[in-house]
Amino acid sequence: MNATMRRVVIGATAVSMALSIAACGKAGDDDSGSSGSDSKSIGLLLPDSVTARYEKFDKPFFEAKVKELCSDCDVQYANAAADPAKQAQQMSSMVTKGVKVIVVSAQDSAAIKSSIQSAVNKGVKVVAYDRLAQGPVSAYVSFDNVKVGELQGQALLAALGAKATPASKIVMINGDDADPNAAQFKEGAHKALDGKVTIAYEQSGLWKDTVAAQKMSAAITQLGAKNIAGVYSANDGMAGGIANTLKGAKITGIPLTGQDAELAAIQRIVAGTQSSTVYKAFKPEADAAAQLAVNLLEGKDIKSLATQTLTSGSGDKVPSQLLTPVSVTKANIKDTVVKDGLYTVQEICSAEYAAACKAAGLQ
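**Q** So what about the packing of aromatic side chains? Which residues, and what values?
**A** One pass over the full model with this rule turns up four aromatic pairs. When the ring of Phe57 is compared with that of Phe282, the centres are 5.0 Å apart and the planes differ by 20 degrees; the resulting orientation is stacked. Residue Phe57 is located in helix α1 (residues 52-69), and its partner Phe282 is located in helix α9 (residues 282-297); the two are separated by 225 residues in the primary sequence. As far as the burial class goes, Phe57 and Phe282 line up, both buried. On the basis of an interplanar angle of 75 degrees and a centroid distance of 6.3 Å, the ring pair of Phe57 and Tyr343 is categorised as edge-to-face. One end of the pair, Phe57, is in helix α1; the other, Tyr343, is in the loop between α10 (334-338) and α11 (345-348), and 286 residues separate them in sequence. A residue is classified by how much of its surface remains accessible, and Tyr343, at 3% relative accessible area, is buried. Cluster of aromatic residues (ring-pair linked, three or more members): Phe57, Phe61, Phe282 and Tyr343. For the cation-ring pair, Lys59 lies above Tyr77, with the distance from its terminal atom to the ring centre recorded as 5.0 Å.

Structure follows, in structure tokens:
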């Protein structure tokens with residue numbers, strides 16, 4: 001996750017791409033959708049409802065941008081609830097109802113391949129959103145995921161300061177291997193961390209806070225509470241579980257990374273129980289996907305939008321649009337998520353965090 005100017009300014013000069021400000025719009029809430037056979041139907045399939053961003057930001061931003069670009073287009077929406085089989089059924093249902101373009105964030109990038117192939121065989125165009133699905137997709141929009149991992153690793157090293165030595169032991173909790181992004185985050189993080197610290201314990205947390213908490217507990221048992229210098233968590237959801245485990249083990253003052261700029265993570269950063277997150281501005285990503293979808297629906301060229309080419313796990317060469325992520329620490333909360341209107345200071349600084357906010361200069 002680049003074309004015309006828009007009003008939303010992405011914090012820390014992160015994203016310099018194209019797409020105009022969205023107007024408000026309304027679309028179907030589930031896989032039953034609205035008018036079935038409308039030739040101007042665009043489908044949006046998101047992977048889960050546990051990750052806060054999808055329902056709160058991606059869906060409404062996407063719907064609004066589609067409405068702005070194509071007033072008579074109909075967006076049909078479905079959420080897989082973390083079930084690949086359910087997502088396959090949702091895609092099949094949309095194809096049956098005559099949806100012409102489907103934007104999908106795959107719950108399992110390999111498992112969705114046959115569904116994508118089947119849809120394309122019936123003349124449907126598929127856009128991979130946020131995660132590079134396997135199969136003959138027409139385009140892919142996401143952030144530079146290796147860069148995300150690098151930012152996470154660099155933020156961890158910066159937070160360690162003088163303690164960033166090859167002798168320092170780091171716990172690394174990665175995402176779900178079924179998500180191709182997880183491997184890219186991991187690659188970027190290792191690029192930043194290898195040789196500078198020791199990755200003493202590395203496991204997948206499956207993008208689940210409960211699993212990440214269990215893995216953190218196992219790491220503490222294996223390494224000893226006093227021997228852990230910092231924790232790499234691939235996203236904020238898992239960081240929440242890890243933070244609880246650290247608190248329970250009375251481990252304080254060590255860096256903990258994250259990703260997605262979830263409100264709870266921003267609050268943990270203010271409170272000092274998480275050191276950083278990565279902000280991937282949802283609006284420009286959703287806007288980009290909407291622009292690609294409408295262009296494909298209307299038979300317009302997408303080369304000016306998807307200017308890069310990536311190879312998916314199935315070996316397909318996919319025109320891609322990659323946006324630039326931003327690292328968020330206590331020092332730049334105001335200049336990123338607050339400046340962009342993602343959260344207000346009032347939302348961040350609830351009663352529980354009021355004193356920490358004041359100390360951080362947010363209030």
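**Q** Which residues make up the layout of surface pockets, and what values go with them?
**A** The volume enclosed by the largest pocket comes to roughly 600 Å³. Lining the largest pocket are 30 residues, with Asp48, Thr51, Trp207, Lys208 and Asn235 positioned closest to its centre. For the lining of the largest pocket, the secondary-structure elements that each account for two or more residues are α1, α5 (180-193), α7 (236-248) and α8 (263-271). The element best represented in the lining of the largest pocket is α7, accounting for five residues. The residue makeup of the lining of the largest pocket, split by class, is eight nonpolar, nine polar and 13 charged. What the second largest pocket holds in volume is close to 380 Å³. Taken together, 16 residues make up the lining of the second largest pocket; nearest its centre are Ala243, Asn244, Lys247, Arg268 and Thr273.

**Q** Describe the side chain of Glu262, with residues and values.
**A** Checked against the element boundaries, Glu262 lands in the loop between α7 and α8. For the buried Glu262, which has no salt bridge, the nearest side chain bearing the opposite charge is Arg268, at an N-O separation of 5.6 Å. Once residues within four sequence positions are removed from consideration, Glu262 is found in contact with Thr51, Ala52, Asp236, Gly237 and Tyr343.

**Q** Break down the state of the cysteines for me, citing the residues and quoting the values.
**A** Under the definition given, this model contains two disulfides. The residue that forms a disulfide with Cys70 is Cys73, at a sulfur-sulfur distance of 2.0 Å. Handedness of the Cys70-Cys73 disulfide follows from its S-S torsion of about 75 degrees: it is right-handed. Disulfide pairing is shown between Cys349 and Cys357; the S-S distance is 2.1 Å. Disulfide Cys349-Cys357: the torsion about the S-S bond is -95 degrees, which places it as left-handed. Neither Cys349 nor Cys357 differs from the other in exposure class; each is buried. Sequence-ordered numbering of the bonded cysteines in the protein gives a disulfide pattern of 1-2, 3-4.

**Q** Give a description of the sheet that holds strand β8 (residues 230-233) that names residues and reports values.
**A** Taken in spatial order, the three strands of this open sheet run β7-β6-β8, and their pairing is parallel. Of all strands in the sheet, those bounded by a partner on one side alone are β7 (198-204) and β8. For this sheet the average axis-to-axis angle between neighbouring strands, irrespective of direction, equals 20 degrees. In this sheet, β8 lies alongside strand β6 (residues 169-174) in parallel orientation, the contact comprising four bridges. By the bridge assignment for β8, Ile170 is matched with Gly230. Helix α4 (residues 145-160) contacts β6 and β8 of the sheet and is inclined by roughly 165 degrees relative to β8.

What counts and what doesn't
Residues numbered from 1 in each chain as written. Predicted model: local features only at pLDDT ≥ 70, side-chain atom pairs only at ≥ 80, totals over all residues. Heavy atoms only, no water. Phe/Tyr/Trp six-rings, centres within 6.5 Å; stacked < 30°, edge-to-face > 60°. Helix = DSSP H or I, 4+ residues; strand = E, 2+ residues; numbered from the N terminus. Buried < 20%, exposed > 50% of the residue type's maximum accessible area, 1.4 Å probe, protein only. Lys NZ or Arg CZ within 6 Å of the ring centre and 35° of its normal. 1 Å grid on protein atoms, 1.4 Å probe; cavity = no way out; pocket = protein on both sides within 12 Å on 5 of 7 lines; lining within 4 Å. Points joined across faces, edges and corners; volume = space filled by probe spheres on them. Nonpolar A, V, L, I, M, F, W, Y, C, P; charged D, E, K, R; others polar. Lys, Arg positive; Asp, Glu negative; His and termini not counted. Salt bridge = Lys/Arg side-chain N within 4 Å of Asp/Glu carboxyl O. Contact = heavy atoms within 4.5 Å. Disulfide = S-S within 2.5 Å. Pairing = 2+ DSSP bridges. Axes fitted to C-alpha atoms, helices over the stretch in contact; angles between N-to-C directions.

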